[in-house]
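Chain residues, written in single-letter form:
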Amino acid sequence: MTIVNNAFIASVLIYSFLYDARLLYIFLGIIVVYQALSYIYYPTIGYGSGRRRLSQALWTPPTEGVIHNLVEIDLTNTMKYLQSKQAKDSHVTLTHICIRAVAECINVSRKKICGKIVFGKFVEFPTVDISCLVNIGEGDDLAALLVQNADQKNFEDIAEYINGKAKLAKQGKDEEHQQRSGLLKYLPPFVISLLIQVTSFLTYNLGITIKALGLKKDCFGVATVTSIGTLGFRNVIAPFTPMMRNLLIVTVNQIVEKAVVKNGQIVIAPTFQLNFCTDHRFLDGGAIVKSNKVLYDVFENPEKYARK
């Protein structure tokens, strides 16, 4: 119903400016009353951090079709690679490998799924770009770092880019992130919600870059990877973030030792859950099966992709 709601609000505003300003006063008055009630009933409770305000502005009760694909992966070969001198020298982590793995999953069916749906039409992206969410404020702030052409970058390239951008963001020196998050500190959730709808339409639907807000066209790519394993979570599925308009959001969970069966024998092996929340408008079961085959190959043969 988003287009209907937006059309109604736009109609009210346009009619007010052209014919009867009283309608605009009523519209603004309702907003003022709403804000006044929030202060009257909860005078000592604020909106919280910028991230908390953004969360309130973004999410409503779920109504959209999503597919959850929970994949348990044996990390025996991956851990051997991560413990190698090459990986340690380049500061490669499991998250960086997951970014490349997700890119490979998308690339295998890129003509059908690597893109966006705008105005009811599928528009293909020219490159496989993957966002990575990085914690830069003790849980109060996240930075979305876009890895362009992720399917063409090796683990070391991805690690160098993510680590470098994350360092700048934590130091408050990443200009794009500062521009994106700066206004959140001063605006209430309902204003943030309206701002997100407008900027998302401009950058995503129309492909317009808004430099003043640090927003480039399609700036979140086709998928997002978020790593929460370091927080101790073992099997979590992350929700979609409406403003990012991704095909996938992928959660990297904690590495745990588990009993697995190999060649008919029960052995202890390092494993983790790589959980996918997917947009059913893009993906169906057949595409997921095809992608899973590529996904397992990245973790079973990491050396193959380390320099590729």
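Above: the structure in question.
Note that the structure is predicted; figures quoted are calculated from it, not measured.

**Student:** Outline the overall build of the protein chain, supporting the account with residue identities and numerical values.
**Tutor:** A tally of regular secondary structure across the protein chain gives twelve helices and nine strands. Here the protein chain holds 308 residues, and 44% of them are scored as buried. Accessible area for the protein chain stands at about 17500 Å²; split by element, carbon and sulfur atoms hold 59% of it.

**Student:** Can you explain unusual backbone geometry? Please cite residues and give values.
**Tutor:** Phi is positive for Asn149, which is not a glycine, with a value near 50°. Along the chain, Asn149 falls in the loop between strand S5 (142-147) and helix H8 (155-170). Look at Arg245: it is not a glycine, yet its phi comes out positive at around 55°. Among the structural elements, Arg245 can be located in the loop between strand S6 (223-227) and strand S7 (248-252).

**Student:** Help me get a handle on the packing of aromatic side chains, residues and values and all.
**Tutor:** Given two aromatic rings, their pairing is described by the distance between the two centres and the angle made by the two planes. Following the criterion strictly, the structure yields three aromatic pairs and no others. Ring geometry for Tyr15 versus Tyr19: centroids 5.2 Å apart, planes at 45°, classification tilted. Above the face of the Tyr204 ring, Lys116 is positioned so that its terminal group lies 5.2 Å from the ring centre.

**Student:** With reference to specific residues and values, describe the environment of Asp151.
**Tutor:** The residue Asp151 is located in the loop between S5 and H8 in this model. Judged by its relative accessible area of 10%, Asp151 is buried. Distance in space between the C-alpha atoms of Asp151 and Asp129 is 8.0 Å, their sequence separation being 22 residues. Not counting chain neighbours up to four residues away, the residues in contact with Asp151 comprise Arg100, Ala103, Glu104, Asn107, Arg110 and Val128.

**Student:** Give me the lowdown on the packing of helix H6 (residues 94-107) against H8, citing residues and values where you can.
**Tutor:** The N-to-C vectors of H6 and H8 enclose an angle of 115°; their axes lie 9 Å apart at closest approach. The element H6 and its partner H8 pack so that their crossing is right-handed. Across the interface between the two elements, His96, Ile97, Ile99 and Arg100 of H6 pack against Phe155, Ile158, Ala159, Ile162 and Asn163 of H8. Residues that form the contact of H6 with H8 fall into these classes: six nonpolar, two polar and one charged.

**Student:** An account of a nonpolar patch on the surface is requested, with residue identities and associated values reported.
**Tutor:** A cluster of nonpolar side chains, Ile14, Tyr15, Phe17, Leu18, Tyr19, Leu23, Ile26 and Ile30, forms an exposed patch at the surface whose accessible area comes to about 920 Å². Along the chain, Ile30 turns up in helix H2 (residues 21-41).

**Student:** Hey, could you go over the environment of Pro188 for me, with residue numbers and the actual values?
**Tutor:** Take Pro188: it is sitting in the loop between helix H9 (175-182) and helix H10 (189-205). Between the alpha carbons of Pro188 and Gln35 there is a distance of 9.1 Å; along the sequence they are 153 residues apart.

**Student:** Tell me about the side chain of Thr95, and name the residues and values.
**Tutor:** Counting through the fold element by element, Thr95 comes out in helix H6. Residue Thr95 is classed as buried on the basis of its relative accessible area of 14%. With sequence-adjacent residues up to four places away left out, Thr95 is seen in contact with Cys132, Val225 and Ser227.

**Student:** Can you tell me about the nonpolar core, naming the residues and giving the values?
**Tutor:** What tends to happen in soluble globular proteins is that the nonpolar side chains get buried as a cluster. If you look at the biggest cluster of nonpolar residues, it comprises 54 residues, and the most contacted ones within it are Ile106, Ile130, Leu274 and Phe299. With residues near it in sequence (within four places) discarded, Leu274 still touches Asn69, Leu70, Val71, Ile73, Cys98, Val250, Thr251, Val252, Leu295 and Phe299.

Quick notes on the rules
- Starting afresh in each chain, residues are numbered from 1 along the sequence in its written order.
- Residues qualify for local features only when their pLDDT is at least 70, as the model is predicted, and side-chain atom pairs are given and counted only at 80 or more; totals for whole chains, interfaces and linings, by contrast, use all residues.
- The side-chain values count all of the structure's non-hydrogen atoms but skip hydrogen atoms and water molecules.
- Secondary structure elements follow DSSP: runs of H or I of four or more residues count as helices, runs of E of two or more count as strands, with numbering from the N terminus.
- Exposure classes here rest on a 1.4 Å probe applied to the protein chains alone. A residue is buried below 20% of its type maximum, exposed above 50%, and partly exposed in between.
- Each accessible area is a Shrake-Rupley result for a 1.4 Å probe, and residues are judged covered by the shown protein chains and nothing else.
- Stacked, tilted and edge-to-face are the three classes assigned to paired rings of Phe, Tyr and Trp, where Trp is represented by its six-membered ring and a pair needs centres within 6.5 Å; plane angles under 30 degrees give stacked, over 60 edge-to-face, the rest tilted.
- A ring is considered to have a charge above it if a Lys NZ or an Arg CZ atom is located within 6 Å of its centre and within 35 degrees of its normal.
- Any pair of residues with heavy atoms lying within 4.5 Å of one another is described as a contacting pair.
- What counts as an axis is a line fitted to C-alpha atoms, over the stretch in contact for a helix, and the angles between N-to-C directions run from 0 to 180 degrees.
- A clockwise turn of the near helix away from the far one marks a right-handed crossing, whereas an anticlockwise turn of less than a right angle marks a left-handed crossing.
- In the scheme used here, Gly and all other residues not listed as nonpolar or charged are polar, with Ala, Val, Leu, Ile, Met, Phe, Trp, Tyr, Cys and Pro taken as nonpolar and Asp, Glu, Lys and Arg as charged.
- Exposure above 30% relative accessible area and the absence of a salt bridge qualify a residue for a patch, where like charges join within 9 Å and nonpolar side chains (Val, Leu, Ile, Met, Phe, Trp, Tyr) within 5 Å.
- Counted as salt bridges are all cases of a side-chain nitrogen of Lys or Arg within 4 Å of a carboxyl oxygen of Asp or Glu.
- Residues belong to one nonpolar core when they are buried, are Ala, Val, Leu, Ile, Met, Phe, Trp, Tyr or Cys, and are joined through side-chain atoms within 4.5 Å.

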